[in-house]
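Survey of secondary and tertiary structure
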Amino acid sequence: MVSELRTDRLVLRGWRASDLAPWAAMNADPVVRAYFPEVLTRAQSEASVARFQADLDRRGWGWWAVELAATGEFVGFAGLDPVEDGMPFTGVEAGWRLARPAWGHGYATEAARAVVSYGFERLGLAEVLAVTAAGNLRSRAVMDRLGMSHDPADDFDDPEVPEGPLRRSVVYRIRAGDRRATDG
Ligand SMILES: CC(C)(COP(=O)(O)OP(=O)(O)OC[C@H]1O[C@@H](n2cnc3c(N)ncnc32)[C@H](O)[C@@H]1OP(=O)(O)O)[C@@H](O)C(=O)NCCC(=O)NCCS
């Protein structure tokens, strides 16, 4: 069964057909995709939702759709997933992506706290990672607000990213004993 996570202002839930259009629109926004190699086509966005929902159906957790609790408006995604093969480290990473109008409200940090807590409390993880392009300061700020720490010795060139300024990437980590992630 797909877990549903609730916070003060957000619901993290399984994907609905009505999420596809706003999800595709945000993935076609070059500002939202500024720290990724390219924007996504509608077909790529649809394929990603199919993968996310299959993972949620199979194990109950993963990349959840995020909606505003007050209005039901879809605003993006957040969740947890095992680090992909081929990366120079292993573990479970948290991630987040919001449509531009949803930036600047604290929603990413609120969603991220919920998923990190889920990782520790429901999945029993000892550590949660977060990975982003070194220049993605907004995402790094979310990691800082969660109380994650960054060791420059972990910085790496992402093999999934073509050569260029987006390739250099950073890893942030938080361990289960560090309660700041869930303190709010
Ligand atoms: C990364 C991303 C999700 C961060 O979004 P964000 O809006 O900067 O982060 P938060 O949702 O935590 O919001 C924090 C901001 O909301 C403000 N805020 C306003 N009301 C708030 C409230 N009630 N509670 C908390 N913060 C609030 C904070 O002061 C902060 O503002 P600041 O950025 O001016 O310091 C967003 O930039 C994004 O989707 N980027 C594209 C995708 C991406 O790169 N994802 C990460 C890839 S690894």
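Scoring rules and cut-offs
- Residues numbered from 1 in each chain as written.
- Predicted model: local features only at pLDDT ≥ 70, side-chain atom pairs only at ≥ 80, totals over all residues.
- Helix = DSSP H or I, 4+ residues; strand = E, 2+ residues; numbered from the N terminus.
- Buried ≥ 20, exposed ≤ 12 C-beta atoms within 10 Å, placed from the backbone.
- Near = placed C-beta within 6 Å.
- Contact = placed C-beta atoms within 7 Å.
- Axes fitted to C-alpha atoms, helices over the stretch in contact; angles between N-to-C directions.
- Parallel < 35°, antiparallel > 145°, perpendicular 65-115°, else oblique.
- Left-handed = near helix turned anticlockwise from the far one by under 90°.
- Nonpolar A, V, L, I, M, F, W, Y, C, P; charged D, E, K, R; others polar.
- Pairing = 2+ DSSP bridges.
- UniProt positions renumbered as here; feature names shortened; annotations may be inferred.

The name given to the protein chain in an unreviewed UniProt entry is GNAT family N-acetyltransferase, with Streptomyces coelicoflavus as the source organism.

With that settled, consider the overall build of the protein chain. Each helix and strand counted, the protein chain has five helices and nine strands in total. For the protein chain, the α and β elements follow one another from N to C terminus as β-β-α-α-β-β-β-α-β-α-β-β-β-α. Relative to its 184 residues, the protein chain shows a buried fraction of 33%.

So, on to the site of the ligand. Among the 18 residues in the neighbourhood of the ligand, the closest are listed as Trp103, Gly106, Ala108, Thr109 and Thr132. Taken together, the elements giving at least two residues each to the shell around the ligand come down to strand S5 (92-98), helix H3 (107-121) and helix H4 (137-145). Among the elements that make up the shell around the ligand, the one with the highest residue count is S5 (four residues).

Here Leu125 lies in the loop between H3 and strand S6 (127-133). Filtering out sequence-adjacent residues up to four positions away, Leu125 remains in contact with Val92, Gly119, Phe120 and Ala176.

So, on to the packing of helix H1 (residues 20-27) against helix H2 (residues 42-59). Where H1 contacts H2, the two axes come as close as 9 Å, and the packing angle between them is 120°. As far as their axial angle goes, H2 and H1 are oblique. Where H1 crosses over H2, the two elements pack in a sense that is right-handed. Touching Leu20, Trp23, Ala24 and Asn27 of H1 are Arg42, Ser45, Glu46 and Val49, all from H2. Across the contact of H1 with H2, the residue classes tally to four nonpolar, two polar and two charged.

Mapped onto the secondary structure, Gly76 falls in strand S4 (residues 74-82). The exposure class assigned to Gly76 is buried, which follows from the 25 C-beta atoms found within 10 Å.

Extensive coverage of S5 is indicated by the burial of six of its seven residues. Direction of pairing for S4 relative to S5: antiparallel, over a ladder of seven bridges. Paired with Gly79 across the strands is Gly95, a residue of S5.

Moving on, we come to the UniProt feature "domain: N-acetyltransferase" (unreviewed entry) in the protein chain. Here the UniProt-annotated "domain: N-acetyltransferase" (unreviewed entry) positions come out as residues 10-177. Summarising residues 10-177: 30% helix, 27% strand, and an end-to-end C-alpha distance of 25 Å.

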